[in-house]
Structure formats: C-alpha cells, structure tokens
Amino acid sequence: MKPAPFDYARAESLDEAVRLLAAADGDARPLAGGQSLGPMLNLRIARPTLLVDLSPVAELREVSEDEDGVTIGASVVHSAIEDGEVPDPTAGLMRRAASGIAYRAVRNRGTVGGSLAHADPAGDWAPVMMALGASLGIRGPEGGRSVEADAFIADPLTTVLEPGEIVEAIRVPRLSSGASWGHCKLCVKPGDFAESLAVVVIDPDRDHCRVALAGPTHAPILLEEVAGTVADANGWSDALAGEIKDAAGRGIAAAGFADTGDRYAINVHSTVTVRAAREALSR
Amino acid sequence: MTSTTITVNGRAVTADVEPRLSLADFLREHEGLTGTHTACEHGVCGACTIMLDGRPARSCITLAVAAHGTDVRTVEGWDGDGTMATIRDCFRKAHAVQCGYCTPGMLATAYDIVTRLPGADRDRIRLELSGNLCRCTGYIGIVDAIETAIAEIEGGS
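Model, not experiment: these values are computed from the prediction.

## Details of the sheet that holds strand β6 (residues 135–140) of chain A
All names here are of chain A.
So, step 1. Reading across from one edge, β4-β5-β10-β6-β7 is the order of the 5 strands in this open sheet, with antiparallel pairing throughout. Of all strands in the sheet, those bounded by a partner on one side alone are β4 (63–66) and β7 (143–148). The average undirected angle you get between the axes of adjacent strands in this sheet is 20 degrees.
So, step 2. Contacting β6 and β10 (166–173), helix α1 (residues 14–23) runs over the sheet at an angle of about 130 degrees to β10.

Structure follows, in structure tokens:
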C-alpha cells in the first residue's frame, strides 16, 4: 500500500456527499474517478484524512440537453465524451479534447468534473470550457451556485471551490452552425500533460470569440487581444499568423503566464496559439 | 476497514480491506492473482491494466473500495475467450513478449484495441499503446501481434 492511511465513506447522493464533507474534521476530499487523486495519494503528495467516494452518486452522471446547450454531470467519464455517448454541442471540439486526455484506461475512469476540480494547470478541460464560455454548477453546504469556467481556477491546483463544495455539472453552451474551433495540444508523447494547449472558439452569430491557453506552470488564461484579432480576421495569411503570435506574446507577458526571460516557453505557447487559430480559421 | 464486493474473473469476492488498498494490491495479495503487475504505481506505465466492467482501467490508481460492485477481469480470467486466445497466439508468434512484465497490461489494452477499433491501422495501434510501456521489445512485435490479431479476427480465421 502506497498512500498514507485515510478514512473512506461512500456517498449515495449529492446531499449525502456534501454532508459528509462538511462534517469532516481536517482535510476531506471528494473522490470521483481517482485518476489524478490516485497518483497523488500513491506519491503521498495528497494526504487527506477522509475520502468521500462520489462514484455511487447517480445524479452526477446525468446529462441533459436543450436548445441552448448541454449540461454534463461532473462524474461523466472522458471516454463517454470521446465516444460521442454524450451529446456534443461543440461540433466535435469536446470529442477531440477528450480523446487527447492521458490513455484510454485513464479516460475510462477519469471524470470531466474531477479533472476540472483537480485544476492541474496543464489539464485538458479547463481551456476548452473557458474558450466555450461554459460554466460550472457547484453544490455545497450553503446550496448551489454557478461559476464561469474562466473564473474557476485561481492558481495551479487551486480553484474557487470552498471546503465542502463539489462540482455538480458543467453547462456547455451550444455553438451556432456557423461556428468553428481550433485545438492544439503540444506534449512530449501522446497522453502526456500539455507543454502548451490552446483552444480557439469562433462563433460570430453569438458574437463570441475566445482564445484560451494552458500550460504546466500557470493557471489557464484567456488571450483577449488574440481573440479580437481572430474575430476580425478574414481567412488565413502569414501576416495574420505573425500578428497572432505577437499578440499572444503580449498576452502571455501581461498575465505572467511564462517568465519574461523564458523565450522558449513564450515561443512554444504563442506558436501553439497560432496553430489553434489557424485550425479555427481554416474550417 | 471497509467492506468491498468485487466480481473477480466471474467469482464474487467480499473482503474487509483498508481504504488505501489499491485494486492491484487487492488482486495480488488478497486474491493471489499475481498476473497483474505493478510498476510505476501512478497510472503512467500501464503494467497494472485490467478490465473493469469490460473496459481497460488502471488497477494501481483504483482503490479496491472504489471498485465495489464492479466486474474485474485479470490476465488469469480469459479461459474460453476466443478473441483473447487469438491475441495471445499472435503475441507468441510475433515475439511480442520478452521479459513479460508489461504483457498482462499489453493484453488488456490489445483486447480493447481489437474489439473497439477493428479498423485500426499501425499508427492507430501505436497511439492506443501509448499508455503501456515496454522496455524490452521496442514495440514492433507488439504492434505486429495486434495488427495480425485484428486481421485474423476480421477474417474469421
């Protein structure tokens, strides 16, 4: 056995999970698929006193769809999204993102809500949800609330979740028929965490254009100047690529996303941003 | 201690275990099923991959208590499965086994590839194998074996 000892409780409902977490002494953590928490337990990076297992909670696996979008239960696994078992209102962006997360054996257990709540800065879902303008439904001892995806991760491994709060569902808005997207993940080998990950969503009918960027050292950010450049673009050109790359560099510096002296990281991030934008503008 | 009931290779097993016990250690130490190997024990290397409810999963980062109510199949549990018999035969013929440490996980992943992606070409097979590390073979024999298994099963031979 590798983890330090902890207590364990199975929650049968969301209310029970919230109650168990709220009543706990010390560091209680919800357990969903365990594909991020499991390694951290084994490495003893995480040493919770209590794990509250959410896997029996059926309501966290519910998916509902309406005209404006899809609400995905937090415990839906990545492979269900990859395989299209969950309605995809994003014209394939969610399926692409899901298929690039770790390995199939991990995607079969890892959950979309767990990944977001774990908040690894290089995690796959946060930049996708930020670029889409998704929001997270949160349940806690004080009731429910909703947080925009771009306001959810405060710092690496740190979210705005209060103790005892659980991500309940992710609300993904539906893209218009004229929308397009780009997704570029750079990693050393397939399935690794991203060295850099950029997501571009252009939806002119909804007056929506966003560019999100994630990497290993800083919480994911939105690049607003790049989004403005992409929104105004008319087709692809080398000049536009240069403009986007420069704008990305300015956004990265302004956010402190990479050290100003780390020209390699800035070049990688801005190049990945250009590639995502090119894909979005070439569709 | 927490009670967990898991169907292991078709047989329901109930045990009181420490919550921190991994499914891999449960299989090896409680059930004596040492065909499931542990190596990195943080989900990267794939040696511990087993079938959980018919899908490949990492037994090193799945807690035995969290596997309560699931159906687990290990490398010891494939008797009578024609598809796995074909895959095993192809592994043997293609020299896809050298030291054997990665092999149980490779077989689980191979089974997933063959059944879920019957149209997979070599590039796709390699992509799907990216979560299973082998330090001996250089992968060529393993990719050959899976490619051949897909062809044999598709061809009905």
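So, next bit.
## A closer look at the interface of chain B and chain A
So, step 1. Opposite the 33 residues of chain B that make contact, chain A presents 31 residues.
So, step 2. Here chain B packs against chain A, burying approximately 2500 Å² in sum over the two surfaces, 56% of which is carbon and sulfur.
So, step 3. The interface formed by chain B and chain A holds 1 salt bridge in total.
So, step 4. Remark: the boundary between chain B and chain A carries 12 residue pairs in polar contact (both at pLDDT 80 or more).

## With respect to helix α8 (residues 224–232) of chain A
Residues and elements named next belong to chain A.
So, step 1. Three or more residues of α8 are buried, namely V226, A227, T229 and V230. In a view along the axis of α8, the buried residues occupy a sector of 165 degrees, so they form one face of it. The outward face of α8, more than 90 degrees from its buried face, is lined by the exposed residues E224 and D232.
So, step 2. Buried residues in α8 make contact with β12 (196–203), β13 (208–214), α9 (238–255) and α10 (263–282).

## Section: the pairing of β7 of chain A
Along any regular strand, the residues point their side chains to alternate faces of the sheet.
Residue and element names in this part refer to chain A.
So, step 1. Where β6 and β7 come together, 6 bridges link them in antiparallel fashion. Bridging from a neighbouring strand, G137 pairs with S146 of β7.
So, step 2. Adjacent in sequence and paired antiparallel, β6 and β7 are bridged by 2 residues.

## Thoughts on the layout of surface pockets
So, step 1. Taken as a whole, the second largest pocket holds about 570 Å³ of empty space.
So, step 2. S55, R61, V77, N108 and R109 of chain A are the residues nearest the centre of the second largest pocket, which is lined by 27 residues in total.
So, step 3. Elements that contribute at least two residues to the lining of the second largest pocket include exactly α3 (78–82) of chain A together with β4 (55–58) of chain B.
So, step 4. The element best represented in the lining of the second largest pocket is β4 of chain B, accounting for 3 residues.

## Comments concerning the nonpolar core
Residue and element names in this part refer to chain A.
So, step 1. In terms of nonpolar packing, the biggest core is built from 59 residues, with V112, L116, W125, M129, L132 and I170 touching the most fellow members.
So, step 2. The element contributing the most residues to this core is helix α7 (residues 125–132), with 7 residues.
So, step 3. Each residue touching L132, except ones within four places of it in the same chain, is listed here: T90, L93, M94, V172, P173, L175, V201, R206 and H208.
So, step 4. Counting 29 residues, the second largest nonpolar core, distinct from the first, contains V200, L223, I252 and F257.

## Examining empty space enclosed by the protein
So, step 1. Here the structure, examined in full by the defined rule, presents 6 cavities of 30 Å³ or more.
So, step 2. Around the largest cavity, the lining comprises 13 residues; the ones closest to its centre are L31 and G38 of chain A together with I61, T62 and L63 of chain B.
So, step 3. Residue contributions to the lining of the largest cavity peak at 3 residues, all from helix α2 (residues 37–42) of chain A.
So, step 4. For the lining of the largest cavity, the per-class residue count stands at 7 nonpolar, 5 polar and 1 charged.
So, step 5. Computed from the structure, the second largest cavity encloses a volume of approximately 70 Å³.
So, step 6. Taken together, 13 residues make up the lining of the second largest cavity; nearest its centre are T49, T74, V75, P104 and A108 of chain B.
So, step 7. Elements that contribute at least two residues to the lining of the second largest cavity include exactly β3 (49–52) and α3 (103–116) of chain B.
So, step 8. Classifying every residue of the lining of the second largest cavity gives 9 nonpolar, 3 polar and 1 charged.

## Some details on the domain arrangement of chain B
Residue and element names in this part refer to chain B.
So, step 1. For chain B, the domain assignment lists domain 1 (2–77) and domain 2 (82–155).
So, step 2. Spacing between the C-alpha centres of domain 1 and domain 2 amounts to 22 Å.
So, step 3. Together domain 1 and domain 2 conceal approximately 990 Å² of surface at their shared face, both sides included; 60% is due to carbon and sulfur atoms.
So, step 4. The largest per-residue losses of area from domain 1 upon contact with domain 2 belong to H37, M51 and V75, which jointly make up 36% of the total buried on that side.
So, step 5. Inspection of the domain 1/domain 2 interface yields 0 salt bridges.
So, step 6. For the interface between domain 1 and domain 2, the tally reads 5 residue pairs in polar contact (both at pLDDT 80 or more).
So, step 7. Of all the secondary structure elements, the ones that give two or more residues to the side of domain 1 that touches domain 2 are β3 and β4.
So, step 8. For the side of domain 1 that touches domain 2, the leading source of residues is β3, giving 3 residues.
So, step 9. Of the residues in the side of domain 1 that touches domain 2, the class split is 8 nonpolar, 5 polar and 1 charged.

## Some points on unusual backbone geometry
Residues and elements named next belong to chain A.
So, step 1. Residue A91 is not a glycine yet carries a positive backbone phi of 55 degrees.
So, step 2. Among the structural elements, A91 can be located in the loop between α3 and α4 (93–99).
So, step 3. Overall, the relative accessible area of 58% leaves A91 in the exposed class.

## Details of the packing of helix α2 (residues 82–93) of chain B against helix α5 (residues 140–155) of chain B
All names here are of chain B.
So, step 1. Relative to each other, α2 and α5 sit at 140 degrees, their axes nearing to 8 Å. When the interaxial angle is binned, α2 and α5 end up oblique. The interaxial crossing formed by α2 with α5 has right-handed handedness. Judged by residue contacts, T83, T86, I87, C90 and F91 of α2 engage I142, A145, I146, T148, A149, E152 and I153 from α5.
So, step 2. Each residue belonging to the contact of α2 with α5 can be placed in one class, and the counts come to 8 nonpolar, 3 polar and 1 charged.

Rules used throughout
- Residues numbered from 1 in each chain as written.
- Chains lettered and ligands numbered in written order.
- Predicted model: local features only at pLDDT ≥ 70, side-chain atom pairs only at ≥ 80, totals over all residues.
- Heavy atoms only, no water.
- Pairing = 2+ DSSP bridges.
- Helix = DSSP H or I, 4+ residues; strand = E, 2+ residues; numbered from the N terminus.
- Axes fitted to C-alpha atoms, helices over the stretch in contact; angles between N-to-C directions.
- Contact = heavy atoms within 4.5 Å.
- Buried area = accessible area lost by both parts, 1.4 Å probe.
- Salt bridge = Lys/Arg side-chain N within 4 Å of Asp/Glu carboxyl O.
- Polar contact = N/O pair within 3.5 Å; in protein donor to acceptor, adjacent residues only side chain to side chain.
- Buried < 20%, exposed > 50% of the residue type's maximum accessible area, 1.4 Å probe, protein only.
- Arc of directions from axis to C-beta.
- 1 Å grid on protein atoms, 1.4 Å probe; cavity = no way out; pocket = protein on both sides within 12 Å on 5 of 7 lines; lining within 4 Å.
- Points joined across faces, edges and corners; volume = space filled by probe spheres on them.
- Core = buried A, V, L, I, M, F, W, Y, C linked by side-chain atoms within 4.5 Å.
- Nonpolar A, V, L, I, M, F, W, Y, C, P; charged D, E, K, R; others polar.
- Domains from an automatic or database assignment.
- Parallel < 35°, antiparallel > 145°, perpendicular 65-115°, else oblique.
- Left-handed = near helix turned anticlockwise from the far one by under 90°.

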